[in-house]
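# Residue-level structural notes
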Amino acid sequence: MATPPENKRLFHILRHNLIHVRPGYTDRDVILCPLCLREISIEQLDAVEHIVPRNLLENDPRYMKKISLSRRAGLTVLCRHPRTTETDQPARNGCNGWKGQKYDLLFKGMLQGRRIAVSELKHRHAVAVLIMAYLGAFQRLGYEYILRSELDDVRRQFDYPDKRVTTWLEHAHVNPAPVDPNGQPWATTSGLPFVFGGSFTAKAPLEIFFRRFSARLPSGHWAVKNHPEILLSPVLTPVP
C-alpha cells in the first residue's frame, strides 16, 4: 500500500527535526514514536494519529467547523506494531492502539460545556490529560523537547493508566464546572487545539491548556530552537 502524500510530508518534517536533534539518524530513514521511542519507517506510516479523538469533536459549535477536524484534533505519529507495555500487557497495535484502548474514549461528552460530575473522573483521566498535553508539546516543539531526560517519566506514565509513575500527574486538571459554549476556548485562533504558556526561565514548567483541561510539563521549552511546525498552515473548510 502506498504511503499517502500527507503522511509522507509529516514523516519528512519529523525526520528533519529528529536529525537536527540526533545527527546519528542522518543515514537512517526513520522517525521515533514519541511515546515508546521505537523506530518507524515511512512504509510503516500507514496513518497518522489524532491527539484529541476526532469523534469527540463532532458537536463543536458551527463556527469552529470552518477549521478542519484534523486541525482541531491535532496531529501526531504513533507506532502501530505490537509491543509489550511495562505493565506486561500487550499493546497489539502499538502505542496507537494502546492510546485508543485506554484513553481516547474517556472524555466522551466532556469536551463541550456540561457539568462533569467528580464521580466520573478516575485516575486515568489525569493520565489521559497528561498524555494529550505531552503529544501537543511534541506537535509544537518536536524531538528537541520530548527527548529531554526530564520527560522520561511522563513517557513511562503512558503505560500505566491506573498507577502513578510521575509527579507531573499532580498538574493534570479537568474543570468540572459548566462552561459557557460561547465563552469556552475551543481552540486557538488558528484552529490548533493547544495553547502554551509559561515563563522562559530554566525551572519554569511548560503550561498547556486545551478545552477544559490543563497540564504542566517539565521546563526546557524555552531552549528549543528548531520547532517542527507540523501542519501549521491554515486549513479551512466552508461551513455547510
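Summarised in this report is the structure supplied together with it. (Residues numbered from 1 in each chain as written. Predicted model: local features only at pLDDT ≥ 70, side-chain atom pairs only at ≥ 80, totals over all residues. Heavy atoms only, no water.)

### Section: the side chain of S41
Heads up, the rule is: Helix and strand definitions follow DSSP, with helices as H or I runs of at least four residues and strands as E runs of at least two, each counted in order from the N terminus. Whether two residues touch is decided by their heavy atoms; if any such pair falls within 4.5 Å, the residues are in contact.
Within the secondary structure layout, S41 lies in strand β2 (residues 39-41). The contacts of S41, once residues within four sequence positions are left out, are F11, D29 and V30.

### Remarks on the pattern of salt bridges
Going by this rule: Just to be clear on terms, a salt bridge is a Lys or Arg side-chain nitrogen sitting within 4 Å of an Asp or Glu carboxyl oxygen.
Tallied over the full model, the rule gives 15 salt bridges. Taking the shortest distance from any N to any O, the salt bridge between D162 and R124 comes out at 2.5 Å. Of the two residues, D162 is situated in the loop between α6 (152-157) and β7 (173-174) and R124 in helix α4 (residues 123-141); the sequence distance between them amounts to 38 residues. Here the salt bridges do not stand alone but share partners, grouping E49, K99 and D104 into one network.

### Regarding the packing of aromatic side chains
Rule in force here: What counts as a ring pair is set by centres within 6.5 Å for rings of Phe, Tyr and Trp (its six-membered ring), and what kind of pair is set by the plane angle: stacked under 30 degrees, edge-to-face over 60, tilted for all other angles. Note on geometry: a ring has a charge over it if NZ (lysine) or CZ (arginine) is within 6 Å of the ring centre and within 35 degrees of the ring normal.
For the structure shown, the criterion picks out 5 aromatic pairs. By the ring-pair criterion, three or more aromatic residues cluster together here, those being F107, F194, F210 and F213. One residue, K102, lies across the ring of W98, its end atom 5.0 Å from the ring centre.

### Let's talk about α4
Formally: Each residue after the first adds 1.5 Å to the expected span of a helix. Burial classes follow relative accessibility: with a 1.4 Å probe on protein chains only, a residue under 20% of its type's maximum area counts as buried, one over 50% as exposed, and anything between as partly exposed.
If you check α4, its first and last C-alpha atoms are 27 Å apart, about what 19 residues at 1.5 Å a residue would give, namely 27 Å. Of all 19 residues in α4, 17 are buried; the element is thus mostly enclosed. In the stretch just after α4, G142 is the one whose phi turns positive, near 75°.

### A look at unusual backbone geometry
For L37, which is not glycine, the phi torsion reads 65° and is therefore positive. As for its position among the elements, L37 is in the loop between β1 (30-32) and β2.

### What to know about the sheet that holds strand β10 (residues 213-217)
Selection rule: DSSP calls a pair of strands paired once it identifies at least 2 bridges connecting them. Only C-alpha atoms enter the line fits that serve as axes; for helices the fit covers just the stretch in contact. Angles between N-to-C directions range over 0 to 180 degrees.
Read across the open sheet, the 4 strands follow the order β7-β10-β9-β8; overall the sheet is antiparallel. In this open sheet, the two strands that pair with only one neighbour each are β7 and β8 (195-197). The sheet contact formed by β8 and strand β9 (residues 206-210) spans 3 bridges and is antiparallel. Along β9, the bridge assignment pairs G197 with E207. Contacts from α4 reach β7, β8, β9 and β10, with the element oriented near 65° to β10.

### Re the nonpolar core
Here is the rule: Residue types Ala, Val, Leu, Ile, Met, Phe, Trp, Tyr and Cys, when buried and joined through side-chain atoms within 4.5 Å, form a set referred to as a nonpolar core.
Membership of the largest hydrophobic core comes to 61 residues, with the highest contact counts inside it found for L35, F107, Y134, Y143, Y145, F210 and L217. Those elements giving two or more residues to this core turn out to be α1 (5-21), β1, α3 (94-102), α4, α5 (143-146), β9 and β10. At 13 residues, α4 tops the list of elements feeding residues into this core. Leave out the neighbours within four places in its chain, and F107 touches L56, H125, A128, V129, M132 and F213.

### Some points on α1
The terminal C-alpha atoms of α1, which comprises 17 residues, lie 25 Å apart, in line with the 24 Å expected from a rise of 1.5 Å per residue. Turning to α1, its buried residues are N7, L10, F11, I13, L14, R15, N17, L18 and I19. Against β1, β2, β4 (75-76), α4 and α5 lie the buried residues of α1.

### Description of the environment of D29
Checked against the element boundaries, D29 lands in the loop between α1 and β1. Judged by its relative accessible area of 41%, D29 is partly exposed. Remark: the alpha-carbon pair of D29 and N59, spanning 30 residues in sequence, is separated by 39 Å. Apart from residues no more than four positions distant in its own chain, D29 is found in contact with F11, R15, S41 and I42.

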